[in-house]
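# Fold and contact review
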Amino acid sequence: MPPETTPRDSAYLDALVIEIQKKLQRALASASQSPNLLQELFADIALEVDDRAKDIIFSKKDAISAEDSRYGCPVCFYNVLADYFVCTPQNGKSVLDLIVQLWSQSFASSIFALLFHKWMFEVQLDNPEVLLRYSLALIQGATNVFWIDNQTNARRFSNLFHYLLEEVALDSERANKIPPQAQRDLFILLSRFIFFYDSADKLEIFLKQFPDFPNASLIGGASDIFVTELADQLQTLKVEPVLLHYLTQMKVLRGVELRTTTSTRLKTCLYSFTTPGGPMYPTRAVRHAAWDALDFLFPVGKHPRHIISFLFRLLYPWYWPSSCWSFLLSCIQAVLLSLYGFIFSRWAKLTKTKPS
């Protein structure tokens, strides 16, 4: 449950809500300035709560939560406001009405997702059309902000992801509050980012909670849908640290039952990252990580794959100098590490046998 507000922090949050309303009203009044104003508002609510605001919003007994949320991430203003709109939904109604009038603007769904992602699952919406519209806006907004994190290799919106995963997707009571179409879209979205937000340990229970898909006979079960979305996600990643993070997390897929077509798709996806050049143009670190993931998940045929890859590399002589240089460096590094290990082990034995 969201923390109760005191008169002091309530007044501060009321003032924040008024400022949000003013900026939304300005965006509504000026079509030309609307994109910039909404972008500024989005940036404002995505900021971490500063020390001065923490002293006002959080009491001493909440000192720990003031520094980190329950998911181990810094608290941002959108976290505080999302809780506030759950505690006092009447204070968020005017903000919501203004956002609805700005639906067509690019940042409107992102602002809605940040401010009202908890409110969505705590209030009772009787109009099915409104519920579907809000649900799809939530998923669209969450998609936008997760991609912002993904492209910058940041975790600013980790709290939103963990709430949607742990409090919604893994809680059938909350998940069933949104229409089946939105449920399926939500699980597809979470499938794409579950490795990025370090939630691979929840994969097993996540797959068990997967909703039914009408075309399941064609695309497979929960694990097949998950792996298909993951493979598609991998092929869209451009940031090297993010791609490396995904490839190292993928080892948890070992032992997951997949259809032959899905397994082949995953192999093809990983193999595309093992060779230099197009279409993926992976770096050396990405190629090695892809080989490690491929060999770990599909140990059968490991050696033939490497031999075939080596023979194909011989067809591109312009890669030979860099390959030879990297091989030479790795050999020197291995020799030096072995030498250092030998010296230190001998030194440790000498110090142990030396009489005191």
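Use the structure listed above.
Residues numbered from 1 in each chain as written. Predicted model: local features only at pLDDT ≥ 70, side-chain atom pairs only at ≥ 80, totals over all residues. Heavy atoms only, no water.

Together, L328, L329, I332, L336, L339, Y340, F342, I343 and F344 make up a nonpolar patch on the protein surface, roughly 870 Å² of accessible area in all. Relative to the elements of secondary structure, L336 occurs in helix α19 (residues 320-353). (Patch = residues over 30% accessible without salt bridge, like charges linked within 9 Å, V, L, I, M, F, W, Y side chains within 5 Å. Areas by Shrake-Rupley, 256 points an atom, 1.4 Å probe, with all protein chains shown as cover. Salt bridge = Lys/Arg side-chain N within 4 Å of Asp/Glu carboxyl O. Helix = DSSP H or I, 4+ residues; strand = E, 2+ residues; numbered from the N terminus.)

This part takes up the side chain of S158. Topologically, S158 is positioned in helix α9 (residues 158-169). Residue S158 is classed as buried on the basis of its relative accessible area of 4%. Beyond its immediate stretch of four places on either side in the chain, S158 contacts C73, Y78, D149 and Y197. (Buried < 20%, exposed > 50% of the residue type's maximum accessible area, 1.4 Å probe, protein only. Contact = heavy atoms within 4.5 Å.)

This part takes up the side chain of Q233. In this fold, Q233 is placed in helix α14 (residues 222-234). With a relative accessible area of 0%, Q233 lands in the buried category. Among the polar contacts made by the side chain of Q233, one reaches the side chain of R192 at a distance of 3.1 Å. Apart from residues lying up to four places away in sequence, Q233 is in contact with W147, N150, R192, F193 and Y246. (Polar contact = N/O pair within 3.5 Å; in protein donor to acceptor, adjacent residues only side chain to side chain.)

Turning our attention to the environment of Y246. Position of Y246 among the secondary structure elements: in helix α15 (residues 240-249). Beyond its immediate stretch of four places on either side in the chain, Y246 contacts N150, R192, F193, F195, F196, L230, Q233, L234 and L237.

Within this structure, the stated rule accounts for 13 salt bridges. For D83, the salt bridge is made with K118, and the minimal N-O distance between the two is 2.8 Å. Highlighted residues: D83 in helix α5 (residues 77-87) and K118 in the loop between α7 (108-116) and α8 (128-152), separated in sequence by 35 residues. For D83, a relative accessible area of 16% corresponds to the buried category. Put simply, E122, E167, D171 and R174 are held in one network by salt bridges that share partners.

Turning next to the packing of aromatic side chains. The tally for this structure, following the rule as stated, stands at 25 aromatic pairs. Ring plane angle 40° and centroid distance 5.8 Å describe the contact between Y78 and F157, whose orientation is recorded as tilted. Placement of the pair is Y78 in helix α5 and F157 in the loop between α8 and α9, with a sequence separation of 79 residues. Note on Y78: relative accessible area 0%, which makes it buried. A relative accessible area of 2% means that F157 is categorised as buried. (Phe/Tyr/Trp six-rings, centres within 6.5 Å; stacked < 30°, edge-to-face > 60°.)

With that settled, the discussion passes to helix α6 (residues 89-101). Taking 1.5 Å per residue, 13 residues should reach 18 Å; α6 reaches 19 Å between its end C-alpha atoms and fits that length. At V95, α6 is bent by approximately 25°, the largest bend along its length. Looking only at α6, the buried set comprises G92, V95, L96, L98 and I99. (Expected span 1.5 Å × (residues − 1). Bend = angle between axes of the 7 residues up to and from the residue.)

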